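These are the residues of each chain, in order.
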Amino acid sequence: MRPTLHAKYRAPLILSLVLGCASCSGEGPESEHVGDRDEAGAIEIAAPDNPITQLEAVEDATEEVADRLLSFSDKVRRRDWEAAADWFSEDFRGEGLAGLEVTDTVSEHLGVEISNHDAEASPGLGKARFLENLAELLSDWTRVESAIWKVKAAEFQSGRGQRWGRIKLYIHVTGVQTNGGGIGIAAWCYAKVVQEGGEWKLSALDLDSLTVTKRDSAIFTPVAAAAGVAHTAPRFGSKDNNSFAFNGAACGDVNGDGRWDLFLPSDGQNFLYLAQADGSFVETAEQAGLAAPGGGTGAVFFDYDNDGDQDLAVGHVDDDVGGTRLCLYTGDGKGHFKREELGLGIGTLSLATYSLTVLDYDGDGWLDLYACGYGVLAKEHNNSWIEATNGSPNALFRNVGGKAFVDVAAEVGVQGNSWSYASAAIDIDDDGDQDLYVANDYGTNRLYVNQYPDGFVDRAAQYGITDQGNGMGASFGDFTGNGKLDLYVSNMSSTAGNRILDRYEGDVPEEIYASLKKAAAGNTIFTRTAKGTFEKVPKSAGGVGANWAWSPALADFDLDGRLDVFCTNGFVTGELPFDT
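Residues numbered from 1 in each chain as written. Predicted model: local features only at pLDDT ≥ 70, side-chain atom pairs only at ≥ 80, totals over all residues. Heavy atoms only, no water.

### Quick word on a nonpolar patch on the surface
- Residues I219, F220, F557 and F566 make up a contiguous nonpolar surface patch of about 390 Å² in total accessible area.
- Relative to the elements of secondary structure, I219 occurs in the loop between β8 (199–214) and α5 (224–227). (Patch = residues over 30% accessible without salt bridge, like charges linked within 9 Å, V, L, I, M, F, W, Y side chains within 5 Å. Areas by Shrake-Rupley, 256 points an atom, 1.4 Å probe, with all protein chains shown as cover. Salt bridge = Lys/Arg side-chain N within 4 Å of Asp/Glu carboxyl O. Helix = DSSP H or I, 4+ residues; strand = E, 2+ residues; numbered from the N terminus.)

Structure representation (structure tokens):
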């Protein structure tokens, strides 16, 4: 049964569910044979009776199947059914996904409809008919934006003879209907895979559930090219693009015309897009003095010298071998910038800066700058997956009257040694000064409560927001509409990590197991309690499924008075170009 969204969180989070899907409906069936009839529900897939138990061997086979299905997913996305046939054995039989009756429909916010379909009534089909059924499923889509057949669990038969296994499979396809509305299909099933000629192929498929989420018109329309802000880079992994830089963005009115302009650090060169009266943008980085150096990470506009116009800070990863350090550019209010020597102090340190946060921590009226130091994986990997302590130091640059910056991070207690990815400033205790929340990869997050002039104290545990895991981003906003700031934390989620850890359940100490599971669990939402602490929102409330997540942004996108969530995501995780 699909989990019910608690009324308290339904409206604020529904946008993140537009292309969401139902959760798995429990344990799959087991029997002694694969059915060979075209009757509804005839196909049942047996678990191996003598399964491989050696973890490394099981996971190696699982990864082989997973990679094979990633290639198949690409054929589905392209709707290349002739090529897709190579992923099925000749004697394949599977329960089709198209043409199933709707069992129930829920109407959600913004006209989104979520429909469950009768998977038990799906007939068994042979290879050719199953492929025709898949083609029918997507036949009236104008575009397939993504398709993924993902292995969530697997077990394989040991012994001699043909290699085979049973996999738990999640199918998720999203795209655009002919009416311009978004559509997403989510299915859970069990499949039998066999190895033929050195390649894994699907031999049988038992459909467990099927959910369709759709809307009759588009919520957003892509306009980047028309607006003049589109940029295409060489494919990652090609000879012209081997960068692992994680670039950010900054918005501000750089020329005083009342319109928001956009700065994007990028490999090779940076981009500055000036907003025009007609809604388009003109790229002017070279003329503005911001085109170089490229390869920046986090960026932020702020008026550091209190002269009424926007200045700019850009983070960089300095690896001590010719890397670029933090850059500070002084704006003239007319769209031109001057790069300051050594950044008036922020460029004096060797840091692996991934993001920047502006705040006035000492309340002197001059904006200070906090730089999150991550690390340089090419030099040294994290020394722990639970609580890494060998990250690049963070820096808190105190603004000295708009003339210079001095790092006081160690002095005030916010330097740390974690792999810090992002931070957010907030007055967490309502005492009139600004505190800092820091999201850390490979460990627990920090809440540095400002005790000025006596430095900062980490009270993340006291407030209930340590959120151990792979922290990538953090943003505060009022989800519940009670006037109190809640917290959204983006984390990496990992199918492979969860799959492996499930095999270890009961074999490792409970506390360590819980920490590792949290590290692969994904995003977290915390709401503020009456006591001022935070409580974690149940995952079933939605709004947290973003896979390999990066930075979250909270905004009222549909102007209904409630905050919605946009979370960037994605990463190339393997050798296949579409393994993202």
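### Points about the sheet that holds strand β18 (residues 368–373)
- One open sheet holds the 4 strands; their spatial order is β17-β18-β19-β20, and the pairing between them is antiparallel. Pairing within the sheet leaves two strands with one partner each, and these edge strands are β17 (353–359) and β20 (404–407). Across the sheet, the axes of successive neighbouring strands diverge by a mean angle of 25°, strand direction being ignored.
- Relative to β18, β17 is paired through 6 bridges, and the arrangement is antiparallel. Within the sheet, the bridge partner assigned to T357 lies in β18 and is Y370. (Pairing = 2+ DSSP bridges. Axes fitted to C-alpha atoms, helices over the stretch in contact; angles between N-to-C directions.)

### A look at the confidence of the model for the protein
- Confidence in the prediction of the protein, expressed as mean pLDDT, is 89, and 90% of residues score 70 or more.
- Contacts for the low-pLDDT stretch residues 1–37, under 50 throughout, to residues beyond four places or in other chains number 99 contacts. (pLDDT = per-residue confidence, 0-100. Contact = heavy atoms within 4.5 Å.)

### Regarding the packing of helix α2 (residues 55–78) against helix α9 (residues 495–504)
- The N-to-C vectors of α2 and α9 enclose an angle of 155°; their axes lie 11 Å apart at closest approach. Taken together, α2 and α9 sit at an angle that is classed as roughly antiparallel. Considering how the two elements wind past one another, α2 and α9 form a crossing that is right-handed. Of the residues in α9, those in contact with L55, V58, E59, T62 and E63 of α2 are A496, R499, I500, R503 and Y504.
- Across the contact of α2 with α9, the residue classes tally to 5 nonpolar, 1 polar and 4 charged. (Parallel < 35°, antiparallel > 145°, perpendicular 65-115°, else oblique. Left-handed = near helix turned anticlockwise from the far one by under 90°. Nonpolar A, V, L, I, M, F, W, Y, C, P; charged D, E, K, R; others polar.)

### Quick notes on the pairing of strand β6 (residues 164–177)
- Within β6, 13 of the 14 residues are buried, which leaves it mostly tucked inside the rest of the structure.
- Hairpin connection, β6 to strand β7 (residues 182–196): the antiparallel pair is bridged by 4 residues, and G180 has positive phi, about 90°. (Buried < 20%, exposed > 50% of the residue type's maximum accessible area, 1.4 Å probe, protein only.)

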